[in-house]
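Notes for the structure review
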Amino acid sequence: MRTIALAAATAWDAQAREADAREAGQPDRLSAEDTAIALEFRREDEEEARMRASDTLGEPAAGPLQRP
């Protein structure tokens, strides 16, 4: 139980610090790990959009290893 309580307290501390920063008008900053995750989501979204566009046009999608 102590491990869970400590993890929860750590998470609440991080949330409180982020809220304080927002209230002080500081821009949100992502950790390096969160930035990498966000970038991967963006790449996946772009790839899905490319796939939908190529399906709509009736053309095969060019993947990263294929030449357009």
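This report concerns the structure included in the present document. A quick note: this is a predicted structure, and the numbers were derived from the prediction, not measured. (Residues numbered from 1 in each chain as written. Predicted model: local features only at pLDDT ≥ 70, side-chain atom pairs only at ≥ 80, totals over all residues. Heavy atoms only, no water.)

**Details of the overall build of the chain**
Stated precisely, the cut-off is as follows: Strands are runs of DSSP state E lasting at least 2 residues, helices are runs of H or I lasting at least 4, and numbering of each runs from the N terminus. To sort residues, take the accessible area from a 1.4 Å probe on protein chains only and compare it with the maximum for the residue type: under 20% means buried, over 50% means exposed, and anything in between is partly exposed. All accessible areas in this document rest on Shrake-Rupley with a 1.4 Å probe, and a residue is counted as covered only by the protein chains that are shown.
When you go through the chain residue by residue, the secondary structure sums to 2 helices and 0 strands. A burial count over the chain gives 3% of its 68 residues as buried. As presented, the chain carries roughly 6,600 Å² of accessible surface, and 57% of it is formed by carbon and sulfur atoms.

**Observations regarding a negative patch on the surface**
Selection rule: Each patch groups residues whose relative accessible area exceeds 30% and which form no salt bridge, using 9 Å between like charges and 5 Å between nonpolar side chains of Val, Leu, Ile, Met, Phe, Trp and Tyr. Salt bridges are defined by distance alone: a side-chain nitrogen of Lys or Arg within 4 Å of a carboxyl oxygen of Asp or Glu. Think of it this way: Lys and Arg go in the positive column, Asp and Glu in the negative one, and His and the chain ends go nowhere. Working definition for charges: the position is that of NZ of Lys, CZ of Arg, CG of Asp or CD of Glu.
Judged by side-chain charge, Glu 40, Glu 44, Asp 45, Glu 46 and Glu 48 come together as a negatively charged surface patch. Tracing the backbone shows Asp 45 in helix α2 (residues 32–57). Take Asp 45: its relative accessible area is 48%, and that puts it in the partly exposed class.

**Brief notes about helix α1 (residues 2–23)**
What counts is decided by this rule: Under the convention used throughout, the expected extent of a helix is 1.5 Å for every residue step, that is, one less than its residue count.
The end-to-end C-alpha separation of α1 is 31 Å, in line with the 32 Å expected for 22 residues at 1.5 Å each. Immediately beyond the C-terminal end of α1, within one or two residues, lies Gly 25, with a positive phi of roughly 85°.

**Comments concerning the environment of Arg 17**
We apply this condition: Between N or O atoms, a polar contact is any pair within 3.5 Å; within protein, one atom must be a potential hydrogen donor and the other a potential acceptor, and residues adjacent in sequence are included only when both atoms are from side chains.
Mapped onto the secondary structure, Arg 17 falls in helix α1. There is a polar contact of 2.9 Å between the side chain of Arg 17 and the side chain of Asp 13.

**Here we look at the pattern of salt bridges**
Enumeration over the complete set of coordinates arrives at 2 salt bridges. Asp 13 serves as the salt-bridge partner of Arg 17, at 2.9 Å between the closest nitrogen and oxygen. Taken together, the residues span about one helical turn, with Arg 17 and Asp 13 both in helix α1 at a distance of 4 residues. Among the residues examined, Arg 17 registers a relative accessible area of 57% and is labelled exposed.

**Describing the side chain of Ser 54**
Looking at the secondary structure, you find Ser 54 in helix α2. At 2.9 Å, the side chain of Ser 54 and the backbone oxygen of Met 51 are in polar contact.

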